[in-house]
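One letter stands for each residue in the lines below.
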Amino acid sequence: MPESATVTTESVHETRSLGNWLGQRLRPGDLVLLHGSFGAGKTVLVQGIADALGIEDPVTSPSFVLD
């Protein structure tokens, strides 16, 4: 059964730490969906997840890509 959670953080550090915590608990096949307004911290959260998974490539937001 799918689980849902709402979490509020108060700083970039807290958001990245939450991502790291989550990334340490993810298993193959897990799906994480993020929904939030522009500037809500989705990219920072994913950066924390990437850190936990040992991903060294930069994690950037597609919102900031310029053609």
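Placed above this text is the structure.
Quick notes on the rules
Residues numbered from 1 in each chain as written. Predicted model: local features only at pLDDT ≥ 70, side-chain atom pairs only at ≥ 80, totals over all residues. Heavy atoms only, no water. Salt bridge = Lys/Arg side-chain N within 4 Å of Asp/Glu carboxyl O. Helix = DSSP H or I, 4+ residues; strand = E, 2+ residues; numbered from the N terminus. Buried < 20%, exposed > 50% of the residue type's maximum accessible area, 1.4 Å probe, protein only. Expected span 1.5 Å × (residues − 1). Arc of directions from axis to C-beta. Contact = heavy atoms within 4.5 Å.

Trainee: Would you take a moment to explain the pattern of salt bridges for this structure?
Mentor: Pairing is possible between side chains of opposite charge, provided their charged atoms come close. In total, this model carries one salt bridge according to the counting rule given. The salt bridge partner of Arg16 is Asp51, with a shortest N-O separation of 3.0 Å. Note that Arg16 is positioned in helix H1 (residues 12–25) and Asp51 in helix H2 (residues 42–52), a separation of 35 residues in sequence. By relative accessible area, Arg16 is classed as partly exposed at 33%.

Trainee: Teacher, can you tell me more about H1 here?
Mentor: Three- or four-residue spacings in an α-helix give side chains the same orientation, since the helix completes a turn every 3.6 residues. Between its first and last C-alpha, H1 extends 20 Å over 14 residues, near the 20 Å set by a 1.5 Å rise per residue. Residues of H1 that are buried: Thr15, Gly19 and Gly23. On an axial view of H1, the arc spanned by its buried residues comes to 75 degrees, and they lie on one face. For H1, the secondary structure elements touched by its buried residues are H2.

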